[in-house]
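# Chain and residue survey
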Number of protein chains: 10
Amino acid sequence: MLFHVRMNVNLPHDLPAAETADILAREKAYSQELQKSGKWRHIWRIAGQYANYSVFDVPDNTQLHEILSGLPLFKFMDIEVTPLLRHPSAIREDDT
Amino acid sequence: MLFHVRMNVNLPHDLPAAETADILAREKAYSQELQKSGKWRHIWRIAGQYANYSVFDVPDNTQLHEILSGLPLFKFMDIEVTPLLRHPSAIREDDT
Amino acid sequence: MLFHVRMNVNLPHDLPAAETADILAREKAYSQELQKSGKWRHIWRIAGQYANYSVFDVPDNTQLHEILSGLPLFKFMDIEVTPLLRHPSAIREDDT
Amino acid sequence: MLFHVRMNVNLPHDLPAAETADILAREKAYSQELQKSGKWRHIWRIAGQYANYSVFDVPDNTQLHEILSGLPLFKFMDIEVTPLLRHPSAIREDDT
Amino acid sequence: MLFHVRMNVNLPHDLPAAETADILAREKAYSQELQKSGKWRHIWRIAGQYANYSVFDVPDNTQLHEILSGLPLFKFMDIEVTPLLRHPSAIREDDT
Amino acid sequence: MLFHVRMNVNLPHDLPAAETADILAREKAYSQELQKSGKWRHIWRIAGQYANYSVFDVPDNTQLHEILSGLPLFKFMDIEVTPLLRHPSAIREDDT
Amino acid sequence: MLFHVRMNVNLPHDLPAAETADILAREKAYSQELQKSGKWRHIWRIAGQYANYSVFDVPDNTQLHEILSGLPLFKFMDIEVTPLLRHPSAIREDDT
Amino acid sequence: MLFHVRMNVNLPHDLPAAETADILAREKAYSQELQKSGKWRHIWRIAGQYANYSVFDVPDNTQLHEILSGLPLFKFMDIEVTPLLRHPSAIREDDT
Amino acid sequence: MLFHVRMNVNLPHDLPAAETADILAREKAYSQELQKSGKWRHIWRIAGQYANYSVFDVPDNTQLHEILSGLPLFKFMDIEVTPLLRHPSAIREDDT
Amino acid sequence: MLFHVRMNVNLPHDLPAAETADILAREKAYSQELQKSGKWRHIWRIAGQYANYSVFDVPDNTQLHEILSGLPLFKFMDIEVTPLLRHPSAIREDDT
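What counts, and where the lines are drawn
Residues numbered from 1 in each chain as written. Chains lettered and ligands numbered in written order. Predicted model: local features only at pLDDT ≥ 70, side-chain atom pairs only at ≥ 80, totals over all residues. Heavy atoms only, no water. UniProt positions renumbered as here; feature names shortened; annotations may be inferred. Pairing = 2+ DSSP bridges. Helix = DSSP H or I, 4+ residues; strand = E, 2+ residues; numbered from the N terminus. Axes fitted to C-alpha atoms, helices over the stretch in contact; angles between N-to-C directions. Least-squares fit on C-alpha atoms with pLDDT ≥ 70 in both. Contact = heavy atoms within 4.5 Å. Buried area = accessible area lost by both parts, 1.4 Å probe. Salt bridge = Lys/Arg side-chain N within 4 Å of Asp/Glu carboxyl O. Polar contact = N/O pair within 3.5 Å; in protein donor to acceptor, adjacent residues only side chain to side chain. Nonpolar A, V, L, I, M, F, W, Y, C, P; charged D, E, K, R; others polar. Expected span 1.5 Å × (residues − 1). Buried < 20%, exposed > 50% of the residue type's maximum accessible area, 1.4 Å probe, protein only. Arc of directions from axis to C-beta. 1 Å grid on protein atoms, 1.4 Å probe; cavity = no way out; pocket = protein on both sides within 12 Å on 5 of 7 lines; lining within 4 Å. Points joined across faces, edges and corners; volume = space filled by probe spheres on them.

In the annotation of an unreviewed UniProt entry, chain A is listed under the name Muconolactone Delta-isomerase and assigned to Rhizobium azibense. Quoted verbatim from the Sequence similarities (unreviewed entry) field of UniProt, the annotation for chain A is "Belongs to the muconolactone Delta-isomerase family." Per UniProt, the comment on chain A under Pathway (unreviewed entry) is "Aromatic compound metabolism; beta-ketoadipate pathway; 5-oxo-4,5-dihydro-2-furylacetate from catechol: step 3/3."

### Some thoughts on the sheet that holds strand β4 (residues 77-86) of chain G
The strand order β1(G)-β3(G)-β2(G)-β4(H)-β1(H)-β3(H)-β2(H)-β4(G) describes a closed barrel built from eight strands, whose pairing is antiparallel. The sheet shows a mean angle of 35° between the axes of neighbouring strands, direction not considered. Across three bridges, the pairing between strand β2 (residues 40-46) of chain G and strand β4 (residues 77-86) of chain H is antiparallel. Across the sheet, the residue bridging to G:Arg45 is H:Leu85, located in β4(H).

### Topic: the relation of the copies chain D and chain E
Its rotation angle being 180°, the transformation that places chain D on chain E also includes 0.0 Å of axial translation and leaves an RMSD of 0.0 Å. In symmetry terms, the pair is related by a two-fold rotation axis. A symmetric contact is evident, with 100% of the interface residues of chain D recurring at the interface of chain E.

### Section: the UniProt feature "domain: Muconolactone isomerase" (unreviewed entry) in chain A
Mapped onto this numbering, the UniProt entry gives "domain: Muconolactone isomerase" (unreviewed entry) at residues 1-89 of chain A. Segment residues 1-89 of chain A splits into 34% helix and 36% strand. End C-alpha atoms: 18 Å apart.

### Points about the sheet that holds strand β4 (residues 77-86) of chain E
Here we have eight strands rolled up into a closed barrel, ordered β1(E)-β3(E)-β2(E)-β4(F)-β1(F)-β3(F)-β2(F)-β4(E), and antiparallel in their pairing. Direction aside, neighbouring strands of the sheet carry axes that sit 35° apart on average. Relative to strand β3 (residues 51-57) of chain E, strand β2 (residues 40-46) of chain E runs antiparallel, the two sharing five bridges. Note on β3(E): the bridge partner recorded for E:Trp44 is E:Tyr53.

### Points about the relation of the copies chain B and chain A
Its rotation angle being 180°, the transformation that places chain B on chain A also includes 0.0 Å of axial translation and leaves an RMSD of 0.0 Å. Interface overlap between copies: 100% of the residues of chain B at the interface are likewise at the interface in chain A, consistent with a symmetric, same-surface contact.

### Here's the deal with the interface of chain B and chain A
Across the boundary between the two partners, chain B contributes 30 residues, which contact 30 residues of chain A. Here chain B and chain A share an interface that buries about 2900 Å² over both sides, 60% of which is from carbon and sulfur atoms. Put simply, chain B and chain A have two salt bridges between them. Ionic pairing is found between A:Arg92 and B:Asp94, a salt bridge with its closest N-O pair at 3.3 Å. Between the two partners, chain B and chain A, sit 19 residue pairs in polar contact (both at pLDDT 80 or more). For the side of chain B that touches chain A, the secondary-structure elements that each account for two or more residues are β1 (2-9), α1 (17-37), β2 (40-46), β3 (51-57) and β4 (77-86) of chain B. Sort the elements by how many residues they give to the side of chain B that touches chain A and β2(B) lands first, with six residues. Its residues placed into classes, the side of chain B that touches chain A shows 13 nonpolar, nine polar and eight charged.

### Some words on helix α1 (residues 17-37) of chain E
Residue and element names in this part refer to chain E. A rise of 1.5 Å per residue sets the reference length of α1, with its 21 residues, at 30 Å; its end C-alpha atoms lie 30 Å apart and thus fit the reference within 8%. When α1 is considered as a whole, its buried residues turn out to be Thr 20, Ile 23, Glu 27, Ser 31, Gln 32, Leu 34 and Gln 35. All buried residues of α1 fall inside an arc of 160° around its axis, so they share one side. More than 90 degrees from the buried face of α1, the exposed residues found are Ala 18, Glu 33 and Lys 36. The secondary structure elements touched by the buried residues of α1 are β2, α2 (61-69) and β4. Positive backbone phi, at 90°, marks Gly 38, one or two positions downstream of α1.

### Considering the pattern of salt bridges
Under the definition given, this model contains 40 salt bridges over all chains. One salt-bridge network, held together by shared partners, links A:Arg92, A:Asp94, B:Arg92 and B:Asp94.

### A word on empty space enclosed by the protein
Within the structure shown, the criterion is met by one cavity of 30 Å³ or more. Considering only enclosed or pocket space, the largest cavity measures out at about 30 Å³ in volume. Lining the largest cavity are C:His4, C:Trp44, C:Ser54, C:Val55, D:His4, D:Trp44, D:Tyr53, D:Ser54 and D:Val55. If you list the elements that add at least two residues to the lining of the largest cavity, you get β3 (51-57) of chain C together with β3 (51-57) of chain D. The biggest single contributor to the lining of the largest cavity is β3(D), with three residues. Class assignment of the residues belonging to the lining of the largest cavity gives a composition of five nonpolar, four polar and no charged.

Pasting the structure below:
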């Protein structure tokens, strides 16, 4: 089941550099593991912003929330979730 | 080059049924032709709304606008375009 | 799987009375059938507004959209969907 | 009498971990006691957010405010209250 | 129990004058009857707008909605309801 | 002359308890003195929020501003002022 | 007593030309009479918009509302009123 | 050439009193000098807010910006500029 | 003197085709004449929208308004004007 | 390919003066180098604000993001990007 997610990152400007680097390294590893598993189906950077549009493919809302609330950057993010479904005009198999 | 597009459809409630059916048939054909060509990379229905999130892969802004302004439903739509790029954490080849 | 839905109704003020009555009768029957089936878990009127907050329990986003887009009032409604899940502090069995 | 409540939690990112843990433990106990009493009728987590939708069943506005302003997290929350009533199409006994 | 209500009136500019006059006469009578009963506690015009702020004193949300949805102007209004309670600094007896 | 005022209070979460207590005590005394004088005509708490709706009866805008800007909580408040007048349907003498 | 007023005009695009001309002529005469009386203290066009910023000098809210609701264009306008007072840094006599 | 300017002041609540007093004294002197020169044509306090509406009369956008960005309070302000011109109904000579 | 202008066009969907064609032809001629004169310095289409961003170079606000309010599409447009000036980092001669 | 960019700068009021001066010097050098290269086509200051409107001419979204996220002020900015294209009425060669 697909969900569209927008994530905006707001890092405090005075977060110590080492702490920032650590969080970002963990965020990247966490994201890539989920991409490999197929649950984080797409991720794109939004031009000019510290933000991304993503698509998740998970069995239910509970798992989606576990994934999102487990993000190392979660407490610095604004997140909006939109449930998606196959569009009646879609022809691509993996748009479901 | 990728663009994220949100399309909201606002059909006047008193549009004659035949006119509506004709527009929707042309809209579907138009969309599917562009999906086949690879330019309309993804399309998903937003749950509960007459709206979709799409991703386009086009060589430039001009072609994106030609495609969007050529939509049979264009004059009944609100459209928002967001330029995308590959996310530094992306692992999937076609997220570029 | 639970979804929170807000529905705002905007009937054109000059819709013929007979057409209005017919739509509302069909809307009520449609809603009650879904409530009986357990898919439309809750519905409450919002004080002072032609609007409701509802909770749906459906297997996936696709079925949610089929239900919502099938509402006789759908073309006169603004609908917002929010995916829900069990709260870690919840104690009531059916809040899942 | 029913009220729909949305609670958004905004914890300062630098709140000491012990203070956070203490507040959250008290919040959970406070919420569960009210759920047991029947006054906090429903609580659901909103997917992807540190937020919940709840339904309260209290005799009047005054008691609702006492409950909400007594939340251990109250000073870190944005709260919106909407008065509800039985929907004319409702069939479930406890949607009143 | 007190509720703060804002009512904005949006009459279609081409509503026939006789229909407008009839609605407004019924609105005034309806409002004054409720004021006499003590349920419509206060009503003030907002300077420069076709709108009012009101305070209602009713036993519950259900009765509030019956009153508001029964307004002859209801279908031409945007209405916002806010539940009130006695302020801890209030000294006036009838601010409860 | 009547004015509708909404006051939202935003106390910094780390304001020392003694300073907070002092401000609140002065705020309460200030408010009650103005209520006694008849200038602060009404005050109601908004359910679930650290906010109030008030009605002031003052001879002019200047005195209204002197009162509001003299509030001990003024620098922690967002304030919105709306000028009111007698509604043509009002029957209560003191709604002027 | 001074009030800042913003008026936005929204004429229906299909209003008959004669009706439009008549309303505009009456609007101009009405405005100029009030300017001459000193009650409509200032009026400026906002560049690029069918809108104006004005300053009124009237004895109270009631008279302000009578003036505004009597505007021939009133039913086609969105109006926002802000009460003003002398600024502590003002040096110009007529800024009161 | 006239410009309408809204200035909202947001002083940090913990700014040292001496620093605040110094800034405000310089702000007042700066404003009065410009009022005397005729460039800061009007200034009014907005009731209930730490904000003002002003009208500037300057030869061009560049000089307007130099004046506004030179305000001692500039870094604590939100400023909105709207270009004005003589209204076709204006009768007052200095509304140009 | 430079001004940034955003124009959004909202043509009624049932405007007769001949009337639309006539307005658009006049709009194009009007725009090109002003571009040739140097007053309409830049115009760009916004991708996916019936809208443009433009830059005007005019001696004052009055002339800017005359140009904008004279647009054949004026009554179908929402227009926002922002005064510009040379940026302190600009190196290009004609960015003034 | 052209992009319209709005940049709003929000410097923390207590940023050390030396750090501010260093960032601003690097920002200016960075901007001017890109202007010389032709990629930062236009930049204008917005009157009364610490903000600018710019136009970029870059081969694709990726390069646009590299430029914007490399701005020394990036972490203190809110940035909005709008893709542009040649307007059908444009006559100026470099509006493409």
